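Residue-level structure breakdown
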There are 4 protein chains.
Amino acid sequence: MSVIAELSIFPMDKGDSVSPYVKRVLGVIRSSGLMFQLNPMGTVMEGEWDDVMNTVSACYRELETDCDRIYMTLKVDARRGREYGMLSKVAAVE
Amino acid sequence: MSVIAELSIFPMDKGDSVSPYVKRVLGVIRSSGLMFQLNPMGTVMEGEWDDVMNTVSACYRELETDCDRIYMTLKVDARRGREYGMLSKVAAVE
Amino acid sequence: MSVIAELSIFPMDKGDSVSPYVKRVLGVIRSSGLMFQLNPMGTVMEGEWDDVMNTVSACYRELETDCDRIYMTLKVDARRGREYGMLSKVAAVE
Amino acid sequence: MSVIAELSIFPMDKGDSVSPYVKRVLGVIRSSGLMFQLNPMGTVMEGEWDDVMNTVSACYRELETDCDRIYMTLKVDARRGREYGMLSKVAAVE
């Protein structure tokens, strides 16, 4: 299955300027080797289920080191046989 | 307040190829005049609360004409005094 | 259409104890007259589209009075001809 | 950390009556041993991060056996030192 997932994760105990934390999360995603794309409300990744979920867990563990409250939303669209889903989904509706 | 919202909306009663419906939703967003940006998991818009929510309602009404079951997720980040939020949020973490 | 919506809304600029704000939001939902049900991650409401969305807007306006950053997620399942959806959906899977 | 997660997962290729699939997912959650609570828009669970995420993966694997397209949303609230979070969060706002 091609798994496309959009992750939004941030601390709730660090005030309203959370970009330093999002930057660290983005670093984790970057080093995962997954295809990804940042947007103003989250980061979209694509890969196999286990690779995507391991990356999500690594992002959580990164924030867990110094955050006492973390909020996260994850949205997943998995489809058998799809290739280059991040590109093809956008191309199909534009 | 600068309201940034990511909308994902699709019918559940039309099989697994929902791109014709997403295309119609995108047309509604395009004609709203709001700044928007499409990604593989949704469409991000920015504007005043009422303008954003009226656009969300127009998207729902578009699908309601011929869909009997509709699923929608909306994620909102509102911040006082922010300008060009869709650009500045991404720039702050890259 | 029977519109079932789950709302989660909280300030991001008030530290990690947001329950006083959630309490005020719940007061707004209570006074809407909609059927609703609180759970640990949000509040589920049911009604016509306009009534549900007007209530969501009233919740946002309540927090906007004294919050400078607000995060919200809304999940909607709309189905034509469904009655007592909040009850029937749970009954169908238990 | 106490991790509270709300999972919504369903096939997109099986028409608009997805309750048989949700029933199977609920069976997986039930057999996980985690504390959980069903609501009309999802199922809320509480536990350690790894236990919750392993359960989410087991739910996905259950549907992957016979579904070709799967949609999932996951919302997580993690807080250090919290106990009986599913109960205490609701009690704090009622």
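Residues numbered from 1 in each chain as written. Chains lettered and ligands numbered in written order. Predicted model: local features only at pLDDT ≥ 70, side-chain atom pairs only at ≥ 80, totals over all residues. Heavy atoms only, no water.

Chain A is annotated in an unreviewed UniProt entry as Thiamine-binding protein domain-containing protein from Desulfovibrio psychrotolerans. Quoted verbatim from the Sequence similarities (unreviewed entry) field of the UniProt record, the comment on chain A reads "Belongs to the UPF0045 family." (UniProt positions renumbered as here; feature names shortened; annotations may be inferred.)

Details of the packing of aromatic side chains
The geometry of two aromatic rings is summed up by the distance between their centres and the angle between their planes. Counted under the stated rule, the structure contains 14 aromatic pairs over all chains. Geometrically, the ring pair formed by Trp49(A) and Tyr60(D) is stacked, given 3.8 Å between the ring centres and 5 degrees between the ring planes. You can see Trp49(A) sitting in helix H2 (residues 49-64) and its partner Tyr60(D) sitting in helix H2 (residues 49-64), one on each of two chains. Both residues of the pair, Trp49(A) and Tyr60(D), belong to the buried class. Linked through ring pairs, Phe10(A), Tyr71(A), Phe10(C) and Tyr71(C) together constitute an aromatic cluster. (Phe/Tyr/Trp six-rings, centres within 6.5 Å; stacked < 30°, edge-to-face > 60°. Helix = DSSP H or I, 4+ residues; strand = E, 2+ residues; numbered from the N terminus. Buried < 20%, exposed > 50% of the residue type's maximum accessible area, 1.4 Å probe, protein only.)

A short note on unusual backbone geometry
Residue and element names in this part refer to chain A. Positive phi, normally seen in glycine, also occurs at Tyr84, with a value near 50 degrees. By secondary structure assignment, the location of Tyr84 is in the loop between strand S4 (69-79) and helix H3 (85-93). Judged by relative accessible area, which is 58%, Tyr84 ranks as exposed.

Some details on the packing of helix H1 (residues 19-30) of chain D against H2(D)
Residues and elements named next belong to chain D. Two numbers describe how H1 lies on H2: the axes approach to 9 Å, and their chain directions differ by 145 degrees. Viewed along their axes, H1 and H2 form a crossing whose handedness is right-handed. Here Tyr21, Arg24, Val25, Val28 and Ile29 of H1 come into contact with H2, specifically with Thr55, Ala58, Cys59, Glu62 and Leu63. Of the residues assigned to the contact of H1 with H2, the class counts are 7 nonpolar, 1 polar and 2 charged. (Axes fitted to C-alpha atoms, helices over the stretch in contact; angles between N-to-C directions. Left-handed = near helix turned anticlockwise from the far one by under 90°. Contact = heavy atoms within 4.5 Å. Nonpolar A, V, L, I, M, F, W, Y, C, P; charged D, E, K, R; others polar.)

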